[in-house]
Amino acid sequence: MSQGPRSGLYAVSSALLAMSRHLEVRDVLKTIVASARELLDARYAALGVPDDHGGFAQFVVDGVSDAQWKAIGPLPRQHGILAAMLHEARPERLADVRKDPRFEGWPAAHPDMSDFLGLPIRDGDEVIGALFLANKNRRKENQKDCSAPDGGCGFTEDDQELLTILAQHAAIALTNARLYERSRELTIAEERSRLAHELHDAVSQKLFSLRLTAQAAAALVDRDPARAKGELHQVAMLAAEATEELRAAVIELRPAALDEDGLVATLRTQIQVLDRAHSARVTFAGHGVRALPAAQEEAVLRVAQEALHNALRHSGAGRVDVTLEKRGTGTVLRVSDDGSGFEPTAVRAAGRHLGLVSMRDRSSGVGGTLSVESAPGKGTTIEMEVPGG
């Protein structure tokens, strides 16, 4: 191979291991593109996943800055060389893509590209993506099938063979990631269905009892005010129980907003709701945190919800502050309250009561850590740190 057998095999092995570490489709796409660009020493790399409407459902690039990518504009359509790779399902290795008769130009902010190597990513007979590289950094000698005046097209037959191997494994990684996401969606749907049944059974019974009790109180107001007062107390108790059932069900659901809006926006929205619903002041601040893998985002959200539940229900806090910020190579969630606190030496009993064991399990399950600081009358601070972000 173009880098020598030993270095070539090592590079391929490293790329395949990197792809196998990710289960989220977006993460897999980014890894494939970065691995391909590094493996073949190209200036630019991209991978497009086609949709059913002549465009791309996802398009990931490497070698282009965020500002440049934003200036380029909308995602490309399936035309020119990209269309050929997708529709004819064959490799394309060109000395100068600009001189190909199928070339249709690119936006003004698009980087200038010349030598080009592209491959379809296939799952059986289905083309599930188009992977391509441009502008090889080192020109090669003794290249075949190249028509450039200087006798070289940058990418060699060995490069094409190497990229073919990578594309075959990329198809496996991408298919596995899709299956994982579909499985997770089914699990979430099943869990929501289960919770919906539980919610219907529990809350419906409470509301039915509340309605009957309220009717009894109304009938007793004139002829037996004392008994009516007792019935009204019962109404208040049933209403509170119904509210708790609803809150418990909401906490158990993974909000759709987490997938759509991300962790920071979801936390901010939930905390605004809690601030309105409770007498305690509840605040949120997010600083410099980028998107985390889905499993980590869900774990951070769950820990935040549990910590907030403890602070608002058990601590008697007048203020609860939540922050999410970048710290070094990780992301840190911090939930602090000015409530009653507890004795750290009694952590075993407190852990069961406050869900600390569950929070630690969630944190360690995504490679994170959890720390708890508290003292009687001094409030509690729960801090969770996960890598990335």
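Below you will find a few notes about this structure. (Residues numbered from 1 in each chain as written. Predicted model: local features only at pLDDT ≥ 70, side-chain atom pairs only at ≥ 80, totals over all residues. Heavy atoms only, no water.)

### Overview of the packing of aromatic side chains
A full pass over the atoms with the stated rule returns 5 aromatic pairs. Ring centres of Phe59 and Trp69 lie 6.0 Å apart, and the angle between their planes is 5°; on these two criteria the pair is classed as stacked. One end of the pair, Phe59, is in strand E2 (residues 56-62); the other, Trp69, is in helix H3 (residues 66-72), with 10 residues separating them in the sequence. On the basis of relative accessible area, Phe59 is assigned to the buried category, the value being 8%. Taken together, a centroid distance of 5.5 Å and an interplanar angle of 25° make the contact between Phe116 and Phe132 stacked. Remark: Phe132 occurs in strand E5 (residues 126-136) and Phe116 occurs in strand E4 (residues 116-123); sequence separation between them is 16 residues. Classification of Phe116 by relative accessible area gives buried; the value is 5%. Through a chain of ring-to-ring contacts, three or more aromatic side chains come together here, namely Phe56, Phe59, Trp69, Phe116 and Phe132. (Phe/Tyr/Trp six-rings, centres within 6.5 Å; stacked < 30°, edge-to-face > 60°. Helix = DSSP H or I, 4+ residues; strand = E, 2+ residues; numbered from the N terminus. Buried < 20%, exposed > 50% of the residue type's maximum accessible area, 1.4 Å probe, protein only.)

### Concerning the sheet that holds strand E6 (residues 281-287)
Here we have 5 strands laid out as an open sheet, ordered E6-E7-E8-E10-E9, and mixed in their pairing. Of all the strands in the sheet, just E6 and strand E9 (369-374) have a single pairing partner and so form its edges. Shown here is a sheet whose adjacent strand axes are inclined to one another by a mean of 10°, direction ignored. Where strand E8 (residues 330-337) and strand E10 (residues 380-387) come together, 8 bridges link them in antiparallel fashion. By the bridge assignment, Val335 is partnered in E10 with Ile382. Its contacts with the sheet place helix H8 (residues 263-277) against E6, strand E7 (319-327) and E8, and it is angled at close to 165° to E6. Where helix H11 (residues 356-365) meets the sheet, it contacts E9 and E10, and its direction lies at approximately 150° from that of E9. (Pairing = 2+ DSSP bridges. Axes fitted to C-alpha atoms, helices over the stretch in contact; angles between N-to-C directions. Contact = heavy atoms within 4.5 Å.)

### A closer look at unusual backbone geometry
The backbone of Asp41 sits at a positive phi, close to 55°, despite the residue not being glycine. As for its position among the elements, Asp41 is in the loop between helix H2 (25-39) and strand E1 (42-50). Using a relative accessible area of 19% as the deciding quantity, one classes Asp41 as buried. For Asn135, which is not glycine, the phi torsion reads 60° and is therefore positive. With respect to the element layout, Asn135 can be found in strand E5. Classification of Asn135 as buried rests on a relative accessible area of 16%.

### Observations concerning H8
An ideal rise of 1.5 Å per residue puts 21 Å on 15 residues; H8 measures up with 21 Å between its terminal C-alpha atoms. Taken as a whole, H8 has its buried residues at Leu263, Thr266, Leu267 and Ile271. Taken down its axis, H8 places every buried residue within 125° of arc, on the same side. (Expected span 1.5 Å × (residues − 1). Arc of directions from axis to C-beta.)

### So, the pairing of E4
Where burial is concerned, most of E4 is hidden: 6 out of the 8 residues are buried. Pairing between strand E3 (residues 92-94) and E4: 3 bridges, direction antiparallel. Note that in E4 the partner of Glu92 across the bridge is Gly118. Sheet analysis places E4 next to E5, joined by 8 bridges and oriented antiparallel. When the sheet's bridge partners are listed, Asp123 is paired in E5 with Glu126.

### Looking at the sheet that holds E5
Taken together, 5 strands build an open sheet; the order of strands is E2-E1-E5-E4-E3 and the sheet is antiparallel. Two strands lie at the open edges of the sheet, namely E2 and E3, each paired on one side alone. On average, adjacent strands in this sheet sit at an angle of 10° to one another, irrespective of strand direction. Along the sheet, helix H4 (residues 80-88) makes contact with E1, E2, E3, E4 and E5, crossing E5 at roughly 140°.

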